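# Fold and geometry: a report
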Amino acid sequence: DGGITQSPKYLFRKEGQNVTLSCEQNLNHDAMYWYRQDPGQGLRLIYYSQIVNDFQKGDIAEGYSVSREKKESFPLTVTSAQKNPTAFYLCASMSFLNQPQHFGDGTRLSIL
Amino acid sequence: GESVGLHLPTLSVQEGDNSIINCAYSNSASDYFIWYKQESGKGPQFIIDIRSNMDKRQGQRVTVLLNKTVKHLSLQIAATQPGDSAVYFCAENLNQAGTALIFGKGTTLSVSS
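Just so it is clear, the structure is predicted and the values come from calculations on it, not from any experiment.

Okay, the overall build of chain B next. Of regular secondary structure, chain B possesses zero helices and 11 strands. Among the 113 residues that make up chain B, the fraction classed as buried is 44%. If you sum the accessible surface of chain B, you get close to 5,500 Å²; carbon and sulfur atoms cover 46% of it.

Below, the discussion takes up the overall build of chain A. A count of helices and strands for chain A gives zero helices and 11 strands. What you see in chain A, going N to C, is helices and strands ordered as β-β-β-β-β-β-β-β-β-β-β. Computed over the C-alpha atoms, the radius of gyration of chain A is 13 Å, within 12% of the 13 Å expected from 2.2 N^0.38 for a compact globule of 112 residues. Overall, chain A is about 35 × 25 × 20 Å in size when its C-alpha atoms are taken along their principal axes. Taking all 112 residues of chain A together, 47% fall into the buried category. The contacts of chain A with a sequence gap of at least 6 include a subset with a gap of at least 24, amounting to 52%. Side-chain charges of chain A comprise 11 positive and 11 negative groups, with the mean position of each set lying 6 Å from the other.

Facing the 22 residues of chain A at the interface are 25 residues of chain B. Of all residues in chain A, Leu97(A), Asn98(A) and Pro100(A) bury the most surface against chain B, accounting for 30% of the area lost on that side. The interface formed by chain A and chain B holds zero salt bridges in total. Taken together, the links from chain A to chain B amount to three residue pairs in polar contact (both at pLDDT 80 or more). Among the secondary structure elements, those contributing two or more residues to the side of chain A that touches chain B are strand 4 (31-37), strand 5 (43-51) and strand 9 (87-94) of chain A.

Once that is clear, we can look at the packing of aromatic side chains. Under the defined criterion, the tally for this structure stands at 10 aromatic pairs over all chains. Consider the rings of Tyr25(B) and Phe33(B), whose centres lie 4.6 Å apart with planes at 50°: the pair is tilted. Ring geometry for Tyr36(B) versus Phe103(B): centroids 5.7 Å apart, planes at 40°, classification tilted. Taken together, the residues span a long stretch of sequence, with Tyr36(B) in strand 4 (residues 30-38) and Phe103(B) in strand 10 (residues 102-103) at a distance of 67 residues. Using a relative accessible area of 0% as the deciding quantity, one classes Tyr36(B) as buried. Taken together, Tyr33(A), Tyr35(A), Tyr48(A), Phe103(A), Tyr36(B) and Phe103(B) form an aromatic cluster joined through their ring pairs.

Let us look at the state of the cysteines. All names here are of chain A. With the rule as written, the count across this model stands at two disulfides over all chains. Disulfide pairing places Cys23 opposite Cys91 at an S-S distance of 1.9 Å. Given an S-S torsion of about -75°, the disulfide between Cys23 and Cys91 has left-handed geometry. Placement of the pair is Cys23 in strand 3 (residues 19-25) and Cys91 in strand 9, with a sequence separation of 68 residues.

Thresholds applied
- Residues numbered from 1 in each chain as written.
- Chains lettered and ligands numbered in written order.
- Predicted model: local features only at pLDDT ≥ 70, side-chain atom pairs only at ≥ 80, totals over all residues.
- Heavy atoms only, no water.
- Helix = DSSP H or I, 4+ residues; strand = E, 2+ residues; numbered from the N terminus.
- Buried < 20%, exposed > 50% of the residue type's maximum accessible area, 1.4 Å probe, protein only.
- Areas by Shrake-Rupley, 256 points an atom, 1.4 Å probe, with all protein chains shown as cover.
- Rg over C-alpha atoms; globule rule 2.2 N^0.38 Å.
- Contact = heavy atoms within 4.5 Å.
- Lys, Arg positive; Asp, Glu negative; His and termini not counted.
- Charge placed at Lys NZ, Arg CZ, Asp CG, Glu CD.
- Buried area = accessible area lost by both parts, 1.4 Å probe.
- Salt bridge = Lys/Arg side-chain N within 4 Å of Asp/Glu carboxyl O.
- Polar contact = N/O pair within 3.5 Å; in protein donor to acceptor, adjacent residues only side chain to side chain.
- Phe/Tyr/Trp six-rings, centres within 6.5 Å; stacked < 30°, edge-to-face > 60°.
- Disulfide = S-S within 2.5 Å.

Below is the structure:
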């Protein structure tokens, strides 16, 4: 089945530790996105990438980093600089402008 | 900043009723709008979309209405079922390269039988 796979489903971070969230898509979509969702809130854009080896900061990029070495993969690293990382992280992809984004089922990150 | 918002954070209906979820957007340059459904612990699921050159679009049991004059978007769900219980988000997009969807905060729909 075509879709977006996020892993792990649950992740725990120790203080001072970097953690990486995986996002893989087999939809052959060019654009990929990372969002953060806090309880009772909408989605806020962290980073996005429209082509391989290129990405742009979203509204809340501080404390996060990404890479886009392959079209199907867009991993997100939550660094120790992100002081409030506890949230639900969603990855999405899109084929081209004015098409719906397709979402994975998220990774829930918590602090130990 | 510019954002998409929803009028009500929660909506409770009886099974079989029609539901209407509203959304106001602020960017008159937006030309593409999407409704998503999000169930607990899952990612948003696409429901229906509409482009700015239309004012109505129908799907299976769902209709989206767009009023560009007042910058208002609504999602109508016919014969609401318990399985429709979820959080519904509207999102807007500018037809420009390098932009991303802007999401509203969501409306929680609760359907009681």
